[in-house]
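# Understanding the architecture of this molecule
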Amino acid sequence: MKLTVQEEAANWYQEELELSPNTSIRFFVRYGGTCGLQPGFSLAIRPGEPRDSIATTTVNAIHFYIEEEDEWYFDQHNVHVYWDEGLQEPAFHYFKEDE
């Protein structure tokens, strides 16, 4: 599984959450929300330190990661966090290697 975060999306997280360099942000599964990969669930974020991460990336000195306990949600999909120009916020694209 791969996690990528577009620089524009990373900048938004950094500014909106007032993150200091070397802060770690976890993408985790929460019950509810829309546009998720699994019905009835969606991704959320929170600061924290990785323990058993399965995917990590660093953009502009901010570390983004996904923990092993949330692997079920992704169903072998990679995650690309990108800047949605229309919504003016980050959005998620899920894909498998062959797509």
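Cut-off values and rules
Residues numbered from 1 in each chain as written. Predicted model: local features only at pLDDT ≥ 70, side-chain atom pairs only at ≥ 80, totals over all residues. Heavy atoms only, no water. Helix = DSSP H or I, 4+ residues; strand = E, 2+ residues; numbered from the N terminus. Contact = heavy atoms within 4.5 Å. Buried < 20%, exposed > 50% of the residue type's maximum accessible area, 1.4 Å probe, protein only. Arc of directions from axis to C-beta. Pairing = 2+ DSSP bridges.

### So, the environment of Asp84
Here Asp84 shows up in strand β6 (residues 78–84). Taking the C-alpha atoms as reference points, Asp84 and Gly36, 48 residues apart in sequence, are found 16 Å from one another. The contact partners of Asp84, leaving out residues within four places of it in the chain, are Glu89 and Ala91.

### Considering helix α1 (residues 7–16)
Of the positions making up α1, those classed as buried are Ala9, Ala10 and Tyr13. For α1, the buried positions fall inside an angular range of 100° around the axis, keeping them on one side. Two residues or fewer after α1 comes Glu18, characterised by a positive phi angle close to 50°.

### Description of the pairing of strand β7 (residues 89–95)
Each regular strand carries side chains that alternate between the two faces of the sheet. Of the strand pairs in this sheet, β6 and β7 are connected by 7 bridges, and their pairing is antiparallel. Bridging across to β7, Trp83 finds its partner in Pro90. Turn length for the β6-β7 hairpin, with the two strands adjacent in sequence and antiparallel, is 4 residues, and the turn residue Gln88 shows positive phi of about 60°.

Geometric values such as these leave the question of function open.
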